Amino acid sequence: MEKLLSLRKFFRQKLGWLSLCQWIFNIIEIPVNLLIATKLSNTIIDATSGNLDSVISNSVLLVMIIVLKKLFDIIFGFVFQEIKTKVLHKCKIDFYSRLLSQSLFTLYSQNHGTIIENINDDFNTITNKYLSTYPNFLVCIITAIIYFSYIAVQNWMIGICLLIISFLQIIPPLIIKKYLQVNYEDCREIEADITDYMIESHRGFVLLKLYKARQWWLSKLKEHHKTYLKAGKKSIFTGTTESTLNEIFSIILTYGTYIILGLFVLFQKSPLNVALLSISLSSGFYKAIKSIFDVIGNFAIVRSAEKRMHQVYENEKHTECPFKLTTINFHNVEFEYDNKLILHGINLTIDMTKTNIIKGCNGTGKSTILNLMVGLLRPTKGEVSIGGIVAEELSDVNFCKDIFYLPQSDPRFNFTAEELFEMECINLNECYFLASKFNIEKETLKNTKINDLSGGERKKIFLLLGILLETRYLILDEPTNSLDNRGCKILVELLKNKKSGVLIITHDNSFDNIADHIYVVKEGKIYIEK
């Protein structure tokens with residue numbers, strides 16, 4: 001609940017004043033529409049009585065009011081839209097910043113599809129709450145009250161009749177509201193699942209191709225789409241039913257109003273000008289009543305969006321907490337995956353001022369240990385702390401400046417290595433010098449995008465980044481992958497001269513000569529070899 005309130009406070013602070021401007025703009029239309037309706041009814045009365053001069057003057061005034069209103073709408077709409085775009089962009093940037101400042105464990109454990117759905121649809125739903133839903137709701141309530149009062153002052157019976165028949169509009173939402181909400185939620189979940197499936201297949205493209213799993217993958221995708229199609233058909237049917245019902249009741253309201261007001265005039269229960277005024281205002285009155293109930297229905301969608309969004313919105317304020325200790329500590333650590341015990345009974349202290357090597361065969365849990373260290377995974381039992389901070393609480397505040405972590409899979413960015421180094425404010429001359437040792441030409445750094453580099457070149461770029469950043473701790477997961485023998489020797493030499501602490505996960509013996517401590521992972525435990 002606290003996170004949900006914090007999320008609402010965040011958007012209210014960013015969009016509150018813009019919401020007020022939208023409300024003021026909408027509220028101005030009420031007196032203008034009342035004036036137009038009054039002038040229109042008077043013009044018709046004058047026309048029926050043959051008062052040509054009055055018809056001409058009222059018509060000119062009416063046209064001027066409408067033209068001025070349209071000009072005001074266009075000018076204000078243009079200015080407001082420009083300001084709105086800038087504010088929403090800033091709001092989204094601030095939200096992304098807050099989102100990415102969460103702990104690494106929180107970010108790593110979230111589904112990509114869910115995050116994408118939240119950032120896109122839910123973000124728009126919540127911002128529309130402040131820029132459209134709330135202002136329109138308040139304006140519609142005020143509009144309905146003022147229109148009803150204005151008509152009732154002229155003839156209270158007409159006011160009561162219009163109010164009663166206006167409630168016919170709530171029948172369609174009452175009938176299908178439940179189905180709309182359920183279908184909406186189902187579609188959102190399926191869309192997130194499909195997004196996750198596509199992302200996973202993109203990452204595993206090589207394996208799918210290697211094992212000729214194309215047909216298997218397509219069959220699974222077909223199952224997802226069948227589920228989506230089923231939910232989509234329900235959603236289309238529900239939406240079509242709602243539109244049809246709304247159209248039917250709109251016709252009933254329009255012609256029913258004409259009939260009722262005609263009868264009032266026929267039986268002399270109301271003068272013609274009051275009936276004409278009521279007809280002019282009835283469409284706006286009905287629209288206001290309908291919008292009130294539509295917005296009430298949208299509140300459920302907004303609440304659902306807020307509940308989903310607050311799951312990826314961290315309320316914790318990560319304060320800067322520099323490492324006071326120089327160790328990584330494992331205390332009675334166990335880790336399970338799919339009910340299978342991967343690690344157990346680990347009690348270990350690693351001195352991060354030294355060069356440490358963790359070795360082991362493939363599949364023994366080396367990368368799992370590393371993910372526990374940097375907070376990407378949470379131990380099933382026990383605790384892992386790094387520099388005095390619980391690993392799963394590491395965030396950008398205390399992680400990026402103190403630790404450089406290079407996983408096995410190198411990031412693929414759509415910009416050059418030189419641009420990457422400039423982002424990190426690294427001296428380019430040093431980059432060129434060390435890159436030449438790795439046999440990477442200056443032109444490659446300047447002109448070739450990182451995602452276009454070979455696996456070996458990409459690995460060398462990120463190794464250079466880790467060395468040049470001069471962080472307190474350098475953590476590398478299988479850094480020799482994709483490197484040739486010459487590249488391995490150069491890396492060993494560079495790490496040998498590095499002053500900061502180094503932790504390397506590896507399966508070979510390339511770094512044994514520079515290691516202060518060597519640990520071996522075997523049968524779910526860590527043993528000290530050196």
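Residues numbered from 1 in each chain as written. Predicted model: local features only at pLDDT ≥ 70, side-chain atom pairs only at ≥ 80, totals over all residues. Heavy atoms only, no water.

Residue-level account of the overall build of the chain, with values.
A count of helical and extended segments in the chain gives 15 helices and 10 strands. Considering only intrachain contacts with a sequence separation of at least 6, the fraction spanning at least 24 residues in the chain is 77%. Total accessible area on the chain is roughly 28900 Å²; 59% of this is exposed by carbon and sulfur atoms. (Helix = DSSP H or I, 4+ residues; strand = E, 2+ residues; numbered from the N terminus. Contact = heavy atoms within 4.5 Å. Areas by Shrake-Rupley, 256 points an atom, 1.4 Å probe, with all protein chains shown as cover.)

Go over the packing of helix 12 (residues 428-437) against helix 14 (residues 455-469), please, and point to the residues and values.
The geometry of helix 12 relative to helix 14 is characterised by a closest axis approach of 11 Å and an angle of 130° between their N-to-C directions. In terms of axis orientation, helix 12 runs oblique to helix 14. Handedness of the crossing formed by helix 12 with helix 14: right-handed. Contact residues: helix 12 offers Glu430, Cys431, Leu434 and Ala435, while helix 14 offers Leu464, Ile467 and Leu468. Class assignment for the residues of the contact of helix 12 with helix 14 results in 6 nonpolar, no polar and 1 charged. (Axes fitted to C-alpha atoms, helices over the stretch in contact; angles between N-to-C directions. Parallel < 35°, antiparallel > 145°, perpendicular 65-115°, else oblique. Left-handed = near helix turned anticlockwise from the far one by under 90°. Nonpolar A, V, L, I, M, F, W, Y, C, P; charged D, E, K, R; others polar.)

Residues and numbers for the packing of aromatic side chains, please.
Centre-to-centre distance and the angle between the planes together describe a pair of aromatic rings. Applying the stated criterion to the full structure yields 17 aromatic pairs. Pairing phenylalanine 95 with phenylalanine 123 gives two aromatic rings, centres 5.9 Å apart and planes at 55°, and the pair type is tilted. Taken together, the residues span a long stretch of sequence, with phenylalanine 95 in helix 2 (residues 52-100) and phenylalanine 123 in helix 4 (residues 112-154) at a distance of 28 residues. For the pair formed by phenylalanine 95 and phenylalanine 123, the shared burial category is buried. Ring centres of phenylalanine 413 and phenylalanine 415 lie 5.0 Å apart, and the angle between their planes is 10°; on these two criteria the pair is classed as stacked. For phenylalanine 415, a relative accessible area of 21% gives the class partly exposed. (Phe/Tyr/Trp six-rings, centres within 6.5 Å; stacked < 30°, edge-to-face > 60°. Buried < 20%, exposed > 50% of the residue type's maximum accessible area, 1.4 Å probe, protein only.)

Describe the environment of isoleucine 194, listing the residues and the values that go with them.
Locating isoleucine 194 in the fold gives a position in helix 6 (residues 171-203). Contacts of isoleucine 194, omitting those with residues within four sequence positions, involve His224, His225 and Tyr228.

Describe the sheet that holds strand 1 (residues 327-337), and please don't skip the residues or the numbers.
Across the sheet, 4 strands lie side by side as 2-1-4-5; this open sheet has antiparallel pairing. One side of each edge strand has no neighbouring strand; the edge strands of this open sheet are strand 2 (340-351) and strand 5 (389-390). Strand direction decides the pairing type here: strand 4 (residues 381-386) and strand 5, joined by 2 bridges, are antiparallel. Note on strand 5: the bridge partner recorded for isoleucine 386 is isoleucine 389. Across the sheet, helix 10 (residues 366-373) touches strand 1, strand 2 and strand 4, and the angle it forms with strand 1 is around 120°. (Pairing = 2+ DSSP bridges.)

Any details on helix 10? Residues and values, ideally.
Where burial is concerned, most of helix 10 is hidden: 7 out of the 8 residues are buried. Those residues of helix 10 that sit buried are Lys366, Thr368, Ile369, Leu370, Asn371, Leu372 and Met373. At the C-terminal side of helix 10, glycine 375 shows a positive phi close to 85°.

Lay out the pairing of strand 2 with the relevant residues and their values.
Relative to strand 2, strand 1 runs antiparallel, the two being bridged by 8 bridges. Residue glutamate 336 lies in a different strand from strand 2, and its bridge partner there is leucine 341.

Which residues make up the nonpolar core, and what values do they have?
Considering soluble globular proteins, one finds that nonpolar side chains tend to be buried as a cluster. Grouped together as the largest cluster of nonpolar side chains are 38 residues, with contacts concentrated most on Phe421, Leu445, Ile461, Leu491, Leu495 and Phe511. Listed by contribution, the elements that provide at least two residues to this core are strand 6 (403-406), helix 11 (417-423), helix 12, helix 14, strand 7 (473-477), helix 15 (485-496) and strand 8 (501-506). In terms of residue count, the dominant contributor to this core is helix 14 (7 residues). The contact partners of leucine 495, leaving out residues within four places of it in the chain, are Leu474, Leu476, Val502, Ile504, Phe511 and Ile514. In this structure, Ile358, Leu370, Leu394 and Tyr473 belong to the second largest nonpolar core, which totals 30 residues. (Core = buried A, V, L, I, M, F, W, Y, C linked by side-chain atoms within 4.5 Å.)

Talk me through the pattern of salt bridges; I want residue IDs and the actual numbers.
Scanning the entire structure with this criterion turns up 9 salt bridges. With a shortest N-O distance of 2.8 Å, aspartate 294 and lysine 290 are connected by a salt bridge. Of this pair, aspartate 294 and lysine 290 both sit in helix 9 (residues 272-310), 4 residues apart, which is roughly one turn of the helix. Here aspartate 294 falls in the partly exposed class, since its relative accessible area comes to 25%. (Salt bridge = Lys/Arg side-chain N within 4 Å of Asp/Glu carboxyl O.)

Account for unusual backbone geometry, naming residues and giving values.
Even without being a glycine, serine 482 presents a positive backbone phi close to 75°. Structurally, the position occupied by serine 482 is in the loop between strand 7 and helix 15. According to the relative accessible area criterion, serine 482 is exposed, its value standing at 51%. Positive phi is not limited to glycine here, since glutamate 523 has a value of about 50°. Note on placement: glutamate 523 falls in the loop between strand 9 (517-522) and strand 10 (525-528). Residue classification places glutamate 523 among the exposed positions, given a relative accessible area of 66%.

Please provide a residue-by-residue account of helix 14, values included.
The terminal C-alpha atoms of helix 14 lie 21 Å apart, and with 15 residues this matches the ideal 21 Å at 1.5 Å per residue to within 8%. Along helix 14, the positions that sit buried rather than exposed are Gly456, Arg458, Lys459, Lys460, Ile461, Phe462, Leu463, Leu464, Leu465, Gly466, Ile467 and Leu468. Tucked inside the fold, the buried residues of helix 14 contact strand 6, helix 11, helix 12, helix 13 (442-447), strand 7 and helix 15. One or two residues past the end of helix 14 sits glutamate 470, with phi positive at roughly 55°. (Expected span 1.5 Å × (residues − 1).)

Lay out the pairing of strand 9 with the relevant residues and their values.
Side-chain direction in a regular strand flips from residue to residue, so the side chains alternate between the two faces of the sheet. Strand direction decides the pairing type here: strand 3 (residues 355-359) and strand 9, joined by 4 bridges, are parallel. Bridge pairing in strand 9 links isoleucine 358 to tyrosine 519. Of the strand pairs in this sheet, strand 9 and strand 10 are connected by 4 bridges, and their pairing is antiparallel. Residue pairing across strands places tyrosine 519 opposite isoleucine 528, the latter belonging to strand 10. In textbook terms, the turn of a hairpin is the stretch between consecutive antiparallel strands, and for strand 9 and strand 10 this stretch comprises 2 residues, one of which, glutamate 523, has a positive phi near 50°.

Quick rundown of the side chain of threonine 444? Include the residues and the values.
Assignment of secondary structure puts threonine 444 in helix 13. Sequence-distant contacts of threonine 444, defined by excluding residues within four places in its chain, comprise Leu453 and Glu457.

Describe in detail the confidence of the model for the chain, supporting the description with residues and values.
Averaged over all residues, the pLDDT of the chain equals 81, while 88% of them reach at least 70. Within the chain, the lowest mean pLDDT, 61, falls on helix 7 (residues 205-210), and the highest, 89, falls on helix 5 (residues 156-166). (pLDDT = per-residue confidence, 0-100.)

Go over the packing of helix 5 against helix 9, please, and point to the residues and values.
Helix packing geometry: the angle between the two helix axes and the distance between the axes. Interaxial distance between helix 5 and helix 9 falls to 10 Å at its minimum, and their mutual angle equals 30°. When the interaxial angle is binned, helix 5 and helix 9 end up roughly parallel. For the element pair helix 5 and helix 9, the recorded crossing hand is right-handed. Listed contacts from helix 9 to Ile158, Leu162, Leu163, Ile165 and Ser166 of helix 5 are Val274, Ser278, Ser282, Phe285, Tyr286 and Ile289. A per-class count over the contact of helix 5 with helix 9 returns 8 nonpolar, 3 polar and no charged.

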